[in-house]
Amino acid sequence: MKDINIIFKYIKKYKWKYIAGILILFIVDFLNLYIPQFTGEITDGLESGTMDRNGVMLGIAKIVIVGLILALGRFGWRYYIFGSSRAIECKLRNDLFAHLETLSMSYFNKNKTGDLMAHFTNDLNAIRMATGPAVITSFDAGIMTIMVLTKMILYVDLRLTLLAVIPLIFLGVGGVYYGMAIEKRFDEKQQAFSELTDQVQESISGMRVIKAFVQEHKELKAFAKANQKNKDRNLKVVKLQAFIMPLLDILIGFSSVITLIYGGYLTITGEITIGRFIAFNQYINMLVWPMIATGDSITFFSQGFASIKRVQNIFNEKPEIYEDETVRNIDHLEGKIQFTDLNFRFTSETPEVLKHITVEVKQGNTLAILGRTGSGKTTIANLLLRMYNAPRGTIRLDGYDIREIPLKTLRENIAYVPQDNFLFSDTLQNNIAFGSDHKEIELVQKAAKEANIHDNIMNFPLQYATLVGERGVTLSGGQKQRSSIARALMKNAPILILDDALSAVDTDTEEQILANLKENRNGKTTIIIAHRISTIQNADHILVLDSGEMAEYGTHEELMAKHGIYADMYEKQQLEQQLEAV
Ligand SMILES: Nc1ncnc2c1ncn2[C@@H]1O[C@H](COP(=O)(O)OP(=O)(O)OP(=O)(O)O)[C@@H](O)[C@H]1O
Ligand SMILES: [Mg+2]
């Protein structure tokens, strides 16, 4: 039951609207009972000749007025309750998104995109159905049942009523079991929907690879399987619903049989009139709709409950990276970085990816990190951005432990070119200005020039207004890389991290970009991760990583003199260059 709390928090905000809606609903149901009565009065009046023309007109006027009030009322409760459920859905969706944004990278590593998308669509839909239509149906059914039962008791007979509703007690018991069963099935149905969304999402993102490896057929099979599972799970829900409907009929049938037998007996003995006996049969039939409605609302509530649990699970997810009480009031960084005996592993089950890293980068210096793939270079960048938590005391910026620095300050003061150059489906201008408060085209162009992408962009028909598709499909690898460098440069932050950011550009372009950096980033700290020595040989310090360990550390000259890994790499790359030149 704890899970349901979250939704009450939202419902509470709209409680007056709910109360107003339910009150109007009550009035509508109540007035509804009067239309047959007014019609009856006119019929009786005409038949007995006690009603004149004016009387009939008056009767009709009463019906019209009640009809108008009913129409208004029906609009009213829809407006209040459906409106509230839509508002709750919208607010909940915003809050869910805001919460997702607080979660750490490790959460997104663990959870599939399609899964999360399914929460945003299907689960929130189900919650809306439970907070809107289900509320209406259950109250409507409840009010109707009470009113009809009251009529049955007052107008016809208490004993007959009690006897006739015995089968309906089974309905109540059955309803509880039904609710439990359907909730479980709905949960499975949602799971299948998540998997299907995930399948679609992944296949579309990976379409190029699928085509290149001629795996369309295999993908189709995988998709068809997920689709089939989705259908089967939906059918399981429908089957249960289909099973319950005839059962309702049977229960009503039992009630009718009881009415006929006992009611008939009461009529024969003269305890009730034939008219009332007939009326009672009609009342029994009037209970059919509320019962079906009850079935529906149980379904809605169960589905909603299953969805609330899933959404609540996301809300229960705590960000791993957060500011604790040790955080200081720092709003700017100078750019001094120290690693002190940094050891790091991603999870307790995985091995250490960084071991005993001790490096100091003075403000304005450039640190280059070199090393084989998988040696831990990107991990160092991630730790500096605090995408993951390094042990306390192992990373210091400007002398403060990284955890003492507010996350906003930390990330605002680091410009980062990630290894996978993600660009948003937006214009180049917006992509480059993404991390900056000032988005003027002059500033964007300046950054683009520094990143050596300006001329390229000017050659596009739409220039800076060129839309780059999802993940920048219309740009070449090197263009994407340089756009992403421009985005980082535009931030003009005290610390710049380039993670393999020059791997897709030729050596000439690389040289130009490096020269621009040297000129424009004077006095600012830079970390360059690379594989090519040409990229990094002018750095103040070079760190060579080998399986997470500091294999070598020093300047280009110092490392060359060592005749170790670095010197080896240098010679190999020199040789490659000479071979290329031939
Ligand atoms: N989120 C993660 N969870 C668990 N292990 C990870 C995670 N990210 C990276 N690793 C592991 O950490 C090690 C270092 O990865 P890292 O990405 O830092 O290498 P890298 O030096 O940047 O390699 P490359 O040159 O290929 O970019 C690898 O063995 C990798 O498998
Ligand atoms: Mg990397």
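Values in this document were obtained by computation on a predicted structure and should not be read as measured data.

Trainee: Which residues make up the overall build of the protein chain, and what values do they have?
Mentor: Secondary structure assignment for the protein chain yields 23 helices and 12 strands. For a compact globule of 582 residues, the expected C-alpha radius of gyration is about 25 Å, and the protein chain comes in at 36 Å, more than 25% above that figure. Projected onto its principal axes, the C-alpha coordinates of the protein chain cover approximately 120 × 55 × 50 Å. Counting only residues that meet the buried cut, the protein chain has 31% of its 582 residues in that class.

Trainee: So, the site of ligand 1: which residues are in play, and what are the values?
Mentor: Every one of the 14 residues lining ligand 1 counts as a neighbour, but Phe 346, Thr 373, Lys 377, Thr 378 and Thr 379 are closest to it. Per-element accounting of the shell around ligand 1 gives the leading share, three residues, to helix α14 (residues 377-384). In terms of residue class, the shell around ligand 1 is built from two nonpolar, 10 polar and two charged.

Trainee: Residue-level account of the domain arrangement of the protein chain, with values.
Mentor: Here the protein chain is partitioned into domain 1 (82-316), domain 2 (332-413 + 494-582) and domain 3 (421-492). One C-alpha centre belongs to domain 2, the other to domain 3, and the line joining them spans 24 Å. In this assembly, nine residues from domain 2 lie in contact with nine residues from domain 3. A total of five residues in the side of domain 2 that touches domain 3 trace back to one element, the largest contributor, which is helix α20 (residues 507-520). A per-class count over the side of domain 2 that touches domain 3 returns five nonpolar, four polar and no charged.

Trainee: Quick rundown of helix α7 (residues 133-156)? Include the residues and the values.
Mentor: Here α7 spans 33 Å end to end across 24 residues, near enough to the 34 Å set by a 1.5 Å rise per residue. Those residues of α7 that fall on the buried side of the exposure criterion are Ala 134, Val 135, Ile 136, Thr 137, Phe 139, Asp 140, Ala 141, Val 148, Met 152 and Val 156. Next to the buried residues of α7 lie α2 (15-32), α4 (53-102), α6 (113-131), α8 (158-164), α12 (274-286) and α13 (288-316).

Trainee: Talk me through the packing of α2 against α7; I want residue IDs and the actual numbers.
Mentor: Following both chains from N to C, one finds α2 and α7 inclined at 40 degrees, their axes separated by 10 Å at the closest point. Classified by the angle between their axes, α2 and α7 sit oblique to one another. Between α2 and α7 the crossing geometry is right-handed. Contact residues: α2 offers Ile 22, Leu 25, Phe 26 and Asp 29, while α7 offers Ile 136, Phe 139, Asp 140, Ile 143, Met 144 and Met 147. Its residues assigned to classes, the contact of α2 with α7 comprises eight nonpolar, no polar and two charged.

Trainee: Talk me through the nonpolar core; I want residue IDs and the actual numbers.
Mentor: Core analysis: the biggest nonpolar cluster contains 66 residues, and Ala 368, Ile 369, Ala 486, Ile 497 and Ile 542 have the highest contact counts within it. Mapping this core onto the domain boundaries places at least three of its residues in each of domain 2 (332-413 + 494-582) and domain 3 (421-492). Setting aside its immediate chain neighbours within four residues, Ile 369 contacts Lys 377, Ile 380, Ile 527, Ile 529, Leu 543 and Leu 545. In this structure, Leu 25, Leu 92, Tyr 178 and Ile 308 belong to the second largest nonpolar core, which totals 27 residues.

What counts and how
Per-chain numbering applies: the sequence of each chain, read as written, is numbered from 1 onward. Throughout, the order in which chains and ligands are written sets their labels, letters from A for the former and numbers from 1 for the latter. The model is predicted, so local features are restricted to residues of pLDDT at least 70 and side-chain atom pairs to those at 80 or more, both for listing and for counting; the totals for chains, interfaces and linings are taken over all residues. Only runs of H or I of at least four residues qualify as helices and only runs of E of at least two qualify as strands under DSSP, and these elements are numbered from the N terminus. With the radius of gyration taken over C-alpha atoms, the globule rule is written as 2.2 Å times the number of residues to the power 0.38. Any residue surrounded by 20 or more other C-beta atoms within 10 Å of its C-beta is treated as buried, while 12 or fewer makes it exposed and the intermediate range makes it partly exposed; C-beta atoms here are placed from the backbone. Put plainly, near means the residue's C-beta atom, positioned from the backbone, lies within 6 Å of the molecule or strand in question. Under this grouping Gly is polar, as are all residues other than the nonpolar Ala, Val, Leu, Ile, Met, Phe, Trp, Tyr, Cys and Pro and the charged Asp, Glu, Lys and Arg. A domain assignment, automatic or from a database, supplies the domain bounds used here. Two residues qualify as a contact pair if the distance between their C-beta atoms, derived from the backbone, is within 7 Å. Multiplying one less than the number of residues by 1.5 Å gives the expected span of a helix. Fitting a line to C-alpha atoms yields each axis, with helices limited to the stretch in contact; the angle taken between N-to-C directions then spans 0 to 180 degrees. Oblique is the label for any angle not covered by the other classes, which are roughly parallel (under 35 degrees), roughly antiparallel (over 145) and roughly perpendicular (65 to 115). Left-handed is the label given to a crossing in which the near helix is rotated counterclockwise from the far helix by less than a right angle, and right-handed is the label when the rotation is clockwise. A set of buried residues qualifies as a nonpolar core if it consists of Ala, Val, Leu, Ile, Met, Phe, Trp, Tyr and Cys joined through C-beta atoms within 7 Å.

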